[in-house]
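Reading the structure
What follows is each chain in one-letter form.
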Amino acid sequence: MTHWSTRNPHRGSVRRWVGAAGSLSARLAGAGRTFTVQVMAQGRQPLRPDEASALGLAGERVGYVREVVLRVDSVALVFARSVTAHHHSLGPWRAIRGLGTRPLADVLFKRASAITRRPLEFAELRPASGLRRDVGHAWQIATGQQPASRVLPARRSVFVRRGAPLLVMEVF
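This text gives an overview of the structure that appears in the document. All figures in this text were calculated on a predicted structure; none of them were measured in a lab.

1. Notes on the overall build of the chain
- A tally of regular secondary structure across the chain gives five helices and seven strands.
- Listing every helix and strand of the chain by position from the N terminus yields α-α-β-α-β-β-α-β-β-α-β-β.
- By the compact-globule yardstick of 16 Å for 172 residues, the chain fits well, its C-alpha radius of gyration being 15 Å.
- Counting only C-alpha atoms and orienting by the principal axes, one finds that the chain spans roughly 35 × 35 × 30 Å.
- For the chain, the proportion of its 172 residues judged to be buried stands at 48%.

In structure tokens form, the structure reads like this:
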């Protein structure tokens, strides 16, 4: 099981990227010539127990999920997974259904007055973790390669719009 904490355990340049406030997509877009979003999966999917707990959906097992790989100059840099209750994807978070290859930041940071963000949480995804294995598998499908590091830096945060939570996890 992955342990999430509000303390950022990462070091060096990774620490700056993982701990940065604001839009990660905007930061990535500024780091190169082209920024693209590769959609890996979108729709109804099982929720992980820690996701359901972070969303306050302890009894729910299925939610609306969007998984993407963020690329700069065609190089895959970040795997992201966004999760909300399925009924919230039909209400306050319905905009995520029509994003296509646009970044989620287009919704989260352009409507900032209507959305609040809870504090970032951080984790190191280790090889024995199921989450690390799932991210590694998705990464291999997207890139044809295993992630470069055995331990993957990750962060997550809950955004709330009209009382509806949306969990966003980003793995570097």
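2. With respect to the nonpolar core
- The biggest cluster of nonpolar side chains holds 15 residues, and the ones touching the most others in it are Phe-79, Leu-125, Val-135, Met-169 and Val-171.
- At the level of secondary structure, the elements contributing two or more residues to this core comprise β3 (75–85), β5 (121–125), α5 (130–143), β6 (152–161) and β7 (164–171).
- The greatest single-element share of this core, amounting to five residues, is contributed by α5.
- In contact with Val-135, other than residues within four places in its own chain, are Phe-79, Leu-125, Leu-152, Met-169 and Val-171.
- Core analysis: the second largest hydrophobic core is formed by twelve residues, Ile-96, Leu-104, Ile-115 and Val-168 among them.

3. Considerations on empty space enclosed by the protein
- Counted by the stated rule, this structure contains two cavities of 30 Å³ or more.
- Here the largest cavity is characterised by a volume of approximately 210 Å³.
- Forming the boundary of the largest cavity are 24 residues, of which Ser-25, Leu-104, Ala-105, Val-168 and Glu-170 lie nearest the centre.
- Counting residues per element, the ones that place at least two in the lining of the largest cavity are α2 (24–29), β2 (62–72), β3, α4 (105–108), β6 and β7.
- When residues of the lining of the largest cavity are assigned to their parent elements, the largest contribution, four residues, is made by β6.
- Among the residues forming the lining of the largest cavity, the class breakdown is 13 nonpolar, five polar and six charged.
- When its volume is computed, the second largest cavity comes out at roughly 30 Å³.
- Taken together, Trp-4, Arg-48, Asp-50, Glu-51, Leu-131, Arg-156, Leu-167 and Met-169 make up the full set of residues lining the second largest cavity.
- Breaking the lining of the second largest cavity down by element, the ones donating at least two residues are α3 (49–54) and β7.
- Looking at the lining of the second largest cavity residue by residue, the class counts come to four nonpolar, no polar and four charged.

4. Comments concerning the packing of aromatic side chains
- What the rule picks out here adds up to one aromatic pair.
- With centroids separated by 6.0 Å and ring planes inclined at 90°, the aromatic side chains of Phe-109 and Phe-159 adopt a geometry described as edge-to-face. Taken together, the residues span a long stretch of sequence, with Phe-109 in the loop between α4 and β4 (115–117) and Phe-159 in strand β6 at a distance of 50 residues.
- Phe-109 sits in the partly exposed class, given a relative accessible area of 32%.
- The lysine or arginine in question, Arg-27, covers the ring of Trp-17, its NZ or CZ lying 4.7 Å from the ring centre.

What counts and how
- Residues numbered from 1 in each chain as written.
- Predicted model: local features only at pLDDT ≥ 70, side-chain atom pairs only at ≥ 80, totals over all residues.
- Heavy atoms only, no water.
- Helix = DSSP H or I, 4+ residues; strand = E, 2+ residues; numbered from the N terminus.
- Rg over C-alpha atoms; globule rule 2.2 N^0.38 Å.
- Buried < 20%, exposed > 50% of the residue type's maximum accessible area, 1.4 Å probe, protein only.
- Core = buried A, V, L, I, M, F, W, Y, C linked by side-chain atoms within 4.5 Å.
- Contact = heavy atoms within 4.5 Å.
- 1 Å grid on protein atoms, 1.4 Å probe; cavity = no way out; pocket = protein on both sides within 12 Å on 5 of 7 lines; lining within 4 Å.
- Points joined across faces, edges and corners; volume = space filled by probe spheres on them.
- Nonpolar A, V, L, I, M, F, W, Y, C, P; charged D, E, K, R; others polar.
- Phe/Tyr/Trp six-rings, centres within 6.5 Å; stacked < 30°, edge-to-face > 60°.
- Lys NZ or Arg CZ within 6 Å of the ring centre and 35° of its normal.

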